Amino acid sequence: MNSKTDFNQRCYALLKLIPKGKVTTYGEIARALNTTASRAVGSAMAKNRDLIVIPCHRVIRSDGSIGQYALGTDKKASLLCEEGVEVENGKVKHFSKVFHVFTKNI
DNA sequence: GGCGTGACCCCAT
DNA sequence: TATGGGGCCACGC
């Protein structure tokens with residue numbers, strides 16, 4: 001049941017599983033999807049027509065950097081801060097602590 | 001049906 | 001420790 005845009009839907013589904021105050025990385029999502037296409041995940045978010053429905057702002061880079069955001073990195077940082085994630089100089093503090101791991105593989 | 005792009009990641013220097 | 005280069009997959013035209 002691999003729909004053409006099913007890949008994006010899976011990414012969104014995983015994002016929905018992220019609890020408030022937690023974040024994840026593109027690579028982790030890609031691995032959860034059983035693929036190494038971390039870039040594809042970013043591309044999926046970049047197009048994000050479901051930005052309103054999906055909390056894409058909870059997705060950051062594996063380095064702890066916030067990375068990019070359709071509405072701007074500053075906006076993303078503000079959102080994360082509101083979520084309870086400490087952000088400093090465009091990077092997440094205690095990244096390992098707020099990092100959400102997908103135990104369920106798709 | 002094929003090419004280029006991208007919100008990245010990993011390795012080497 | 002920081003910076004640079006290459007490679008990965010999926011999507012859009």
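The paragraphs below set out a description of the structure included in this document. (Residues numbered from 1 in each chain as written. Chains lettered and ligands numbered in written order. Predicted model: local features only at pLDDT ≥ 70, side-chain atom pairs only at ≥ 80, totals over all residues. Heavy atoms only, no water.)

### So, the state of the cysteines
Step number 1: Evaluation of the coordinates by the stated rule reveals 0 disulfides.
Step number 2: No disulfide involves C56; its nearest neighbouring cysteine sulfur is the one of C11, lying 9.7 Å away.
Step number 3: Owing to a relative accessible area of 6%, C56 belongs among the buried residues under this scheme. (Disulfide = S-S within 2.5 Å. Buried < 20%, exposed > 50% of the residue type's maximum accessible area, 1.4 Å probe, protein only.)

### Some details on helix α3 (residues 38-47)
Step number 1: Buried within α3 we find V41, A44 and M45. Mapping the buried residues of α3 onto a view down its axis gives an arc of 95°, with all of them on the same face. Structural note: α3 exposes R39, A46 and K47 on the side pointing more than 90 degrees away from its buried face.
Step number 2: Those residues of α3 hidden inside the fold are in contact with α1 (6-17) and α2 (26-32). (Helix = DSSP H or I, 4+ residues; strand = E, 2+ residues; numbered from the N terminus. Arc of directions from axis to C-beta. Contact = heavy atoms within 4.5 Å.)

### Notes on the packing of aromatic side chains
Step number 1: Scanning the model with the defined rule gives 1 aromatic pair in all.
Step number 2: When the centroid spacing of 5.5 Å and the interplanar angle of 50° are considered together, the rings of F95 and F99 count as tilted. (Phe/Tyr/Trp six-rings, centres within 6.5 Å; stacked < 30°, edge-to-face > 60°.)

### Re the side chain of K76
Step number 1: For K76, the position within the fold is in helix α4 (residues 73-83).
Step number 2: No salt bridge is formed by the buried K76; its nearest oppositely charged neighbour, D74, is found at 11 Å.
Step number 3: Side-chain polar atoms of K76 contact the backbone oxygen of Q68, separated by 3.3 Å.
Step number 4: With near-sequence residues (within four places) excluded, K76 lies in contact with Y26, C56, H57, V59, I60, I66, Q68 and Y69. (Lys, Arg positive; Asp, Glu negative; His and termini not counted. Salt bridge = Lys/Arg side-chain N within 4 Å of Asp/Glu carboxyl O. Polar contact = N/O pair within 3.5 Å; in protein donor to acceptor, adjacent residues only side chain to side chain.)

### Observations concerning α4
Step number 1: Of all the positions in α4, only K76, A77, L80 and E83 are classed as buried. The buried residues of α4 occupy an angular sector of 120° when the element is viewed end-on, so they sit on one face. Those residues of α4 that are exposed and angled more than 90 degrees off the buried face are D74 and E82.
Step number 2: Two residues or fewer after α4 comes G84, characterised by a positive phi angle close to 115°.

### So, unusual backbone geometry
Step number 1: Residues other than glycine seldom take positive phi values, yet N34 does so here, at roughly 65°.
Step number 2: Considering the arrangement of structural elements, one finds N34 in the loop between α2 and α3.
Step number 3: With a relative accessible area of 62%, N34 lands in the exposed category.
Step number 4: Positive phi, normally seen in glycine, also occurs at H94, with a value near 55°.

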